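Residue-level listing of the chains:
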Amino acid sequence: MNTIEENVDVVVVGAGHAGCEAALASARLGLETIVFTVSVDSIALMPCNPNIGGSSKGHLVREIDALGGEMGKNIDKTFIQSKMLNKSKGPAVHSLRAQADKADYSREMRKILENTDHLSVKQAEVTEIIVEDGKISGVKTFSGAVYHCKACVLCTGTYLKSRCIYGDISNYTGPNGLQAANYLTDSLKENGIEMFRFKTGTPARIDKRSIDFNKMEEQFGDETVVPFSFSTNPEDVQIEQASCWLTYTNENTHEIIKKNLDRSPLYSGMIEGTGPRYCPSIEDKVVKFSDKNRHQVFIEPEGLHTNEMYVGGMSSSLPEDVQTAMYRTVPGLENAKIVRNAYAIEYDCINPRQLNAALEFKNIKGLFSGGQFNGSSGYEEAAAQGLVAGINAAQKVLGRDLLILDRSESYIGVLIDDLVTKENHEPYRMMTSRSEYRLLLRQDNADLRLTKKGYEAGLISEEVYQALLEKEKQIAEETKRVDHTNIGASKEIQRFLEAHNSTILKTGTTLGELIRRPELTYEMLGEIDEGRPQLSTGVQEQVNINIKYEGYIKRQLKQVSQFKKLESKKIPENIDYEDISGLRIEAKQKLKLYMPMSIGQASRISGVTPADISVLLIYMEQYGRRS
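If you look the chain up in an unreviewed UniProt entry, it shows as tRNA uridine 5-carboxymethylaminomethyl modification enzyme MnmG from Robinsoniella peoriensis. Taken directly from UniProt, the Cofactor (unreviewed entry) text for the chain runs: "FAD". The chain has a UniProt comment under Sequence similarities (unreviewed entry) that states "Belongs to the MnmG family."

Below, the structure is given as structure tokens:
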């Protein structure tokens with residue numbers, strides 16, 4: 001039988017949010033890359049919510065951008081509404097969120113892929129991975145074609161043996177009725193990869209013409225839009241924005257759901273997969289929060305050129321007739337016409353403990369993975385992992401050091417570390433509360449934290465890197481100037497303070513001390529700061545935060561210093577945990593299972609106690625002396 005055989009450097013399986021970032025990173029680093037998708041029409045598809053960013057997820061998008069990824073740039077080109085969330089709280093939890101035009105987002109990302117040098121897009125289903133001597137050597141497609149490679153990134157999303165379910169209807173398809181990938185799982189299992197079965201879901205899409213918006217609260221975007229990408233000119237994103245709307249479920253909605261729980265595949269046992277705790281279906285909300293008589297429902301446009309509206313907050317897998325009755329109890333949706341039914345989707349993914357911090361399989365060299373295939377949820381989490389996996393697949397082929405981000409320098413580091421060191425029995429979702437150092441890991445300073453790493457990896461240009469160094473210099477100089485600029489208690493100053501409800505001065509002070517007052521900011525002080533230089537909004541923002549939160553920032557930097565000490569204590573690859581007397585049996589089992597790279601990583605494994613870490617440290621000291 002004649003079959004096609006090709007040689008490439010890197011193969012990427014899947015072209016969702018993870019696959020796009022992985023393929024672009026690899027190709028931009030000069031490696032011949034091919035990305036496979038079951039349908040070229042599903043590139044960067046948004047099968048669920050029509051937005052990018054949100055609480056903690058906005059941080060991830062900014063970090064992706066700082067490292068040289070594409071998601072931030074793409075949403076800046078295709079958003080239809082933008083909002084900065086949590087503005088009433090401190091800067092650590094400010095998060096940008098933008099409604100996307102789904103079709104435009106997918107179309108623009110496809111255009112980028114198709115016009116990137118060294119990158120080929122291929123519509124085909126990958127059915128096998130080819131492993132030789134514990135190392136990836138290629139993949140095989142359904143047609144029998146073989147693509148030999150030096151590294152491979154698996155980004156299969158929710159397509160592996162996927163099944164869409166509502167009521168007693170069950171279709172073996174991927175999201176949005178696209179083709180499922182039914183064969184790769186068996187090949188992965190044959191190569192010793194442990195698989196999980198997870199599930200997620202999506203709400204119905206409703207015809208805009210059947211909605212009465214007069215019964216809902218209109219939700220507007222921000223007056224001044226802040227772009228996601230550090231490279232986007234803010235003037236280019238000041239557009240006329242689309243509206244969203246807020247309404248609520250009520251007791252009638254909940255009554256219909258309760259009466260039909262026996263018909264829900266979630267409760268009948270028809271669904272086997274574990275669902276996301278932090279993104280529950282409306283059935284789950286009604287059962288688990290039975291004391292609440294209403295839940296928020298956000299009506300969001302899927303784009304500017306469609307009448308489909310997304311019903312945020314009412315994900316469901318109830319039967320079609322129940323869905324119609326349930327949605328029609330919601331104010332404004334009394335005459336709602338469903339365009340697409342809500343459904344749950346089950347799919348195969350891996351147990352991520354099989355990966356190291358570079359997202360490479362511990363037992364198959366050169367095989368990397370990212371996205372929902374790693375047991376996470378969300379477009380942003382997927383893109384972040386895809387970018388890291390793609391960079392590292394390329395670095396592996398080039399013989400360079402792999403990119404490993406730790407918890408103290410990025411939300412991406414927290415995300416990956418949680419996946420590879422903690423037991424994950426449900427789809428993982430990023431949250432600000434998962435980061436111990438969130439005052440340092442703000443979305444506003446993602447470029448200052450990560451652009452250098454993107455530059456060292458080869459994805460950030462010399463021009464962008466030099467601009468970053470200039471920004472750092474300006475921040476340092478202006479912070480120092482403001483902290484050393486004295487002002488007296490003149491009448492002009494006292495009038496200014498009274499106008500801003502701030503205590504008047506008895507003696508002179510510095511501009512820095514005034515900025516530290518809760519009611520004042522660097523920007524406000526412009527009218528009494530005669531020597532102020534012309535600086536960008538980004539520099540001004542950093543000066544304000546650095547001065548206002550100086551004490552807290554110093555405290556977190558001390559904590560990071562302690563964290564780094566444990567991270568720097570590397571554990572030898574050939575360590576035999578059975579050899580270590582004093583380690584508890586559970587600790588030995590967990591350490592052998594996860595094979596942590598450092599003492600810091602070992603300390604975060606569930607079941608490994610501080611006493612076990614002390615024993616391990618003593619053993620390593622003795623081991624070092626013997627070596």
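Having seen it, we continue.
Next up on the list: the overall build of the chain. The helix and strand tally for the chain stands at 20 helices and 24 strands. Taking the principal axes of its C-alpha atoms as reference, the chain extends roughly 90 × 75 × 50 Å. Taking all 627 residues of the chain together, 58% fall into the buried category. If you take every contact in the chain between residues at least 6 apart in sequence, the share linking residues at least 24 apart comes to 73%. Approximately 27,400 Å² of the chain is accessible, and the part contributed by carbon and sulfur atoms is 47%.

On to the nonpolar core. Formed by 108 residues in total, the largest nonpolar core has its most connected members in Val11 and Leu154. Looking at this core, the element that brings in the most residues is helix 10 (residues 379-398), giving 10 residues. Non-local contacts of Val11, meaning those with residues more than four positions away in its chain, are made with Ile34, Phe36, Val139, Tyr147, Cys149, Ala151, Cys152 and Val153.

A word on helix 20 (residues 610-626). Here helix 20 spans 24 Å end to end across 17 residues, near enough to the 24 Å set by a 1.5 Å rise per residue. Residues of helix 20 that are buried in the fold lie against helix 18 (585-594) and helix 19 (599-603).

Here the UniProt-annotated "binding site: FAD" (unreviewed entry) positions come out as Gly14, Ala15, Gly16, His17, Ala18 and Gly19. By the secondary structure assignment, Gly14 is in the loop between strand 2 (10-13) and helix 1 (17-28). Exposure remark for Gly14: the relative accessible area of 13% places this residue in the buried category. Residue contacts for Gly14: discarding those within four places in its chain leaves Gly19, Val35, Phe36 and Cys155. Examined against the element boundaries, Ala15 turns out to sit in the loop between strand 2 and helix 1.

A few words now on the packing of aromatic side chains. Under the counting rule described, the total for this entry stands at six aromatic pairs. Judged by centre distance (4.0 Å) and plane angle (10°), the ring pair of Tyr455 and Tyr465 falls under stacked. Here Tyr455 is found in helix 12 (residues 446-457), whereas its partner Tyr465 is found in helix 13 (residues 462-483), with 10 residues between them in sequence. A relative accessible area of 27% places Tyr455 in the partly exposed class. In this structure, Arg294 is placed above the aromatic ring of Tyr248, and the distance from its NZ or CZ to the ring centre is 3.6 Å.

Right, let's get into the pairing of strand 9 (residues 135-141). Residues in a regular strand project their side chains so that they alternate between the two faces of the sheet. Across the seven residues of strand 9, five count as buried, placing the element largely inside the fold. Sheet topology places strand 8 (residues 126-132) next to strand 9; six bridges connect them, and they run antiparallel. Following the sheet pairing, Val126 is matched in strand 9 by Thr141. As consecutive antiparallel partners, strand 8 and strand 9 are separated by two residues, and within that stretch Asp133 has a phi angle of approximately 55°, a positive value. Looking at chain direction, strand 9 and strand 10 (residues 146-148) are connected through three bridges and run antiparallel. When the sheet's bridge partners are listed, Lys140 is paired in strand 10 with Val146. Linking strand 9 to strand 10, which pair antiparallel, is a turn of four residues; within it Gly144 sits at a positive phi near 100°.

It is worth spelling out the domain arrangement of the chain at this point. The domains assigned to the chain are domain 1 (3-200 + 345-455), domain 2 (203-342), domain 3 (464-563) and domain 4 (568-622). Distance from the C-alpha centre of domain 1 to the C-alpha centre of domain 4: 30 Å. Facing the 11 residues of domain 1 at the interface are nine residues of domain 4. Here domain 1 packs against domain 4, burying approximately 960 Å² in sum over the two surfaces, 56% of which is carbon and sulfur. Linking domain 1 with domain 4 are two salt bridges. For Arg604, the salt bridge is made with Asp417, and the minimal N-O distance between the two is 2.4 Å.

Note: strands within a sheet are paired through backbone hydrogen bonds, in either parallel or antiparallel orientation. The strand order 7-3-2-11-22 describes an open sheet built from five strands, whose pairing is parallel. The open sheet terminates on both sides in strands that have one partner only, identified here as strand 7 (119-123) and strand 22 (367-369). Ignoring strand direction, the axes of neighbouring strands in this sheet form an average angle of 20°.

A word on helix 1. Compared with the 16 Å implied by 1.5 Å per residue over 12 residues, the 17 Å span of helix 1 between its first and last C-alpha is a close match. Looking at helix 1, one finds that the buried residues are His17, Ala18, Gly19, Cys20, Glu21, Ala22, Ala23, Leu24, Ala25, Ser26 and Ala27. Two residues or fewer past helix 1, Gly30 is found with a positive phi of approximately 90°.

What follows is about the pairing of strand 19 (residues 308-312). Judged by how many residues are buried, strand 19 sits mostly within the fold: five of five residues are covered. Burial along strand 19 is two-sided: the residues Glu308, Tyr310 and Gly312 and Met309 and Val311 are all buried. One ladder, built from three bridges, connects strand 15 (residues 205-207) with strand 19; its direction is antiparallel. From the neighbouring strand, Arg205 faces strand 19, where its bridge partner is Tyr310.

Moving on: unusual backbone geometry. For residues besides glycine, phi is generally negative; the peptide bonds are generally trans as well. Phi is positive for Asn176, close to 60°, though the residue is something other than glycine. Given the relative accessible area of 32%, Asn176 is considered partly exposed. Unlike most non-glycine residues, Met595 shows phi in positive territory, near 45°. Judged by its relative accessible area of 32%, Met595 is partly exposed.

What the rule picks out here adds up to 48 salt bridges. Ionic pairing is found between Asp222 and Lys87, a salt bridge with its closest N-O pair at 3.5 Å. Of this pair, Asp222 sits in the loop between strand 16 (217-219) and strand 17 (244-248) while Lys87 sits in the loop between strand 5 (79-85) and strand 6 (95-100), placing them 135 residues apart in sequence. For Lys87, a relative accessible area of 53% corresponds to the exposed category. With a closest N to O distance of 2.8 Å, Arg604 and Glu567 form a salt bridge. You can see Arg604 sitting in the loop between helix 19 and helix 20 and its partner Glu567 sitting in helix 17 (residues 550-568), a full 37 residues away along the chain. Connected through salt bridges with shared partners, the residues Arg407, Asp417, Asp418, Lys422, Glu436, Glu567 and Arg604 form a single ionic network.

A few words on the sheet that holds strand 6. Here three strands make up an open sheet; going across it, the order is 4-6-5 and the pairing antiparallel. Every other strand in the sheet has two partners, leaving strand 4 (51-53) and strand 5 as the edge strands with one partner each. Averaged over all adjacent pairs, the angle separating strand axes in this sheet is 20°, with direction ignored.

About the criteria used
Residues numbered from 1 in each chain as written. Predicted model: local features only at pLDDT ≥ 70, side-chain atom pairs only at ≥ 80, totals over all residues. Heavy atoms only, no water. UniProt positions renumbered as here; feature names shortened; annotations may be inferred. Helix = DSSP H or I, 4+ residues; strand = E, 2+ residues; numbered from the N terminus. Buried < 20%, exposed > 50% of the residue type's maximum accessible area, 1.4 Å probe, protein only. Contact = heavy atoms within 4.5 Å. Areas by Shrake-Rupley, 256 points an atom, 1.4 Å probe, with all protein chains shown as cover. Core = buried A, V, L, I, M, F, W, Y, C linked by side-chain atoms within 4.5 Å. Expected span 1.5 Å × (residues − 1). Phe/Tyr/Trp six-rings, centres within 6.5 Å; stacked < 30°, edge-to-face > 60°. Lys NZ or Arg CZ within 6 Å of the ring centre and 35° of its normal. Pairing = 2+ DSSP bridges. Domains from an automatic or database assignment. Buried area = accessible area lost by both parts, 1.4 Å probe. Salt bridge = Lys/Arg side-chain N within 4 Å of Asp/Glu carboxyl O. Axes fitted to C-alpha atoms, helices over the stretch in contact; angles between N-to-C directions.

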